[in-house]
Amino acid sequence: MVHLAGQVRSAEPGFVDVRDRATWTELFYDLVLAFGVSQIAHVLAQRPDWATLGSCLLVLVPLWWAWVDVVMAMNAVHETTMQRVFLLLAGLATYGMSVAAPHALETRYEALLYAGCYLALRLLIGEAIRRECAVYTIHPYRAGLAFALVLFATAVLPSGLRTIGWAVAVVAEILAPLILSGHLRQLAFGVNHLPERFGLFIIIALGENVVSVGAWVAGRRLGVLELLSVSLAFLTGCALWWLYFHLVASAIAHALRTHPTPSIVVRDVLSYGHLVLVLGLLLVSVGADRIVVEPIHVPHRFAAALLPVGAALFTLTFCYTRRRMFGAASLTRFAGGLALLALGGVAPWLPGLATLGSAAALLVAVNGIEHWLTSGGRSVPLIFQKAQQATPDGQLT
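Predicted, not measured: the structure shown is a model, and the values here were computed from it. (Residues numbered from 1 in each chain as written. Predicted model: local features only at pLDDT ≥ 70, side-chain atom pairs only at ≥ 80, totals over all residues. Heavy atoms only, no water.)

A. Seen up close, the overall build of the protein. Assigned secondary structure in the protein consists of 13 helices and four strands. A burial count over the protein gives 57% of its 397 residues as buried. In the protein, the proportion of contacts linking residues at least 24 apart, taken out of those at least 6 apart, comes to 82%. (Helix = DSSP H or I, 4+ residues; strand = E, 2+ residues; numbered from the N terminus. Buried < 20%, exposed > 50% of the residue type's maximum accessible area, 1.4 Å probe, protein only. Contact = heavy atoms within 4.5 Å.)

Laid out in structure tokens, this is it:
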């Protein structure tokens, strides 16, 4: 959730260009969060069903919102010793949340550890903002702290009641940026720093696919089918990387510079949109891991759909984010996402290798068509256009 304002350093509202690169301390903090994402992915991989997916979302969302607020706290200020200390302490709190995440909804001890670390992290963020920012709004911060207090207060309840309490708090936290959107217009954003920070998190989520599949492969004798499945899983990761970094990363920076209300880009594209992108990559990682283990096995209905549905979620999210940035969605990605959803519908009747190969082929096809269009100077076909749209060059999809 975008609760926090960076320090205003420009007369142009919403625009600040102080930070060009992520710092080493920020990268270290991201590694801690990567551990948390991997913990959550492993839980879903062990028990792939709707109940487990819901539990994973309840512990993933607070991790995500806290990470976004830490990014926003640091995005428009130069790093100092105190800011390094803040990031390291934030990393410690995030590490505690990550350790407790797999069983936070099952046992009282892990629930208290997770919620206590989240509360400590929220207090750290509030103190950092109070010290560093010349302009900020207190109301969104109070909302984030309130959600942390609810998680902590309900951590002592029995497992069923705890889950209900946490679900209410997490849903409220998701909705808060919409309710408090007026406060976000007062904020300033680093147009170089923010796209890099969120892009780095996408790299982390993509890396989970490489690590989970590679960890299973290491030390085993692989047959032809296993080698083929590993290669296709890696190709799928490459295609997902291309979808984001070939065009989208530059489009986000362009939108932050040119959008009449940059806070809309930060809220809808970076905060909401990237949460869905990360969720899609997590599903792809779990799905690929299970397919590589038994390539010719027909997975259970829920597990079978994880990879294509995750890839569809990732691809279709770009239609939403592009429309929020430029007023129209990409036809290529919309069609590719629908095809991946259809693949998810038939996946329970297909061997895992067939599902993986089909998903990889669809993703490569979307990338190939877009590359052919943009390299030849053609515009990517657009759909869902607003009546008055500010769409940049067709390459910015």
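B. How the structure looks around unusual backbone geometry. We note that Phe384 has phi near 55°; this positive angle belongs to a residue other than glycine. Mapped onto the secondary structure, Phe384 falls in the segment after β4 (382-383).

C. Molecular detail of the pattern of salt bridges. In the structure shown here, the tally under the stated rule is eight salt bridges. Across the pair Arg122 and Asp69 runs a salt bridge, and its minimum N-O distance is 2.4 Å. Separated by 53 residues along the polypeptide, Arg122 in helix α4 (residues 108-132) and Asp69 in helix α2 (residues 50-74) bring together distant segments of the chain. Assessed through its relative accessible area of 0%, Arg122 is described here as buried. The partner of Arg333 in a salt bridge is Glu370, and the shortest N-O contact between them spans 2.8 Å. Taken together, the positions of Arg333 in helix α12 (residues 331-346) and Glu370 in helix α13 (residues 352-375) put the pair 37 residues apart, joining distant regions of the chain. Each member of the pair, Arg333 as well as Glu370, is classed as buried. (Salt bridge = Lys/Arg side-chain N within 4 Å of Asp/Glu carboxyl O.)

D. Geometry of the packing of aromatic side chains. Tallied over the entire structure, the rule returns 15 aromatic pairs. Relative to Phe302, the ring of Trp50 lies with its centre 5.0 Å away and its plane at 75°, an arrangement referred to as edge-to-face. In this pair, Trp50 is assigned in helix α2 and Phe302 in helix α11 (residues 301-326), connecting sequence segments 252 residues apart. For Phe302, a relative accessible area of 12% corresponds to the buried category. (Phe/Tyr/Trp six-rings, centres within 6.5 Å; stacked < 30°, edge-to-face > 60°.)

E. Structural context of the environment of Asn367. Assignment of secondary structure puts Asn367 in helix α13. Accessibility expressed as a relative area gives 9% for Asn367, which makes it buried. Separated by 34 residues in sequence, Asn367 and Arg333 have C-alpha atoms that sit 8.9 Å apart.

F. Representation of the packing of α11 against α13 in the model. Two numbers describe how α11 lies on α13: the axes approach to 9 Å, and their chain directions differ by 10°. Here α13 runs roughly parallel to α11, going by the angle between their axes. From α11, Ala304, Leu307, Pro308, Ala311 and Thr315 reach across to α13, where they touch Thr355, Leu356, Ala359 and Leu363. Among the residues forming the contact of α11 with α13, the class breakdown is seven nonpolar, two polar and no charged. (Axes fitted to C-alpha atoms, helices over the stretch in contact; angles between N-to-C directions. Parallel < 35°, antiparallel > 145°, perpendicular 65-115°, else oblique. Nonpolar A, V, L, I, M, F, W, Y, C, P; charged D, E, K, R; others polar.)

G. Up close: the packing of α11 against α12. At a closest axis distance of 8 Å, the pairing of α11 and α12 adopts a crossing angle of 160°. It follows from the interaxial angle that α11 and α12 lie roughly antiparallel. Of the two elements, α11 crosses α12, and the hand of that crossing is left-handed. Listed contacts from α12 to Ala305, Pro308, Val309, Ala311, Ala312, Thr315, Leu316, Phe318 and Cys319 of α11 are Arg333, Phe334, Gly337, Leu338, Leu340, Leu341, Leu343 and Gly344. Of the residues belonging to the contact of α11 with α12, the class tally is 13 nonpolar, three polar and one charged. (Left-handed = near helix turned anticlockwise from the far one by under 90°.)

H. Structural detail: the side chain of Thr332. Along the chain, Thr332 falls in helix α12. At 2.7 Å, the side chain of Thr332 and the side chain of Ser330 are in polar contact. In this structure Thr332 touches Val366, Ile369, Glu370, Leu373 and Val380, once residues within four positions along its chain are discounted. (Polar contact = N/O pair within 3.5 Å; in protein donor to acceptor, adjacent residues only side chain to side chain.)

These results come straight from atomic positions and should not be treated as a statement about function.
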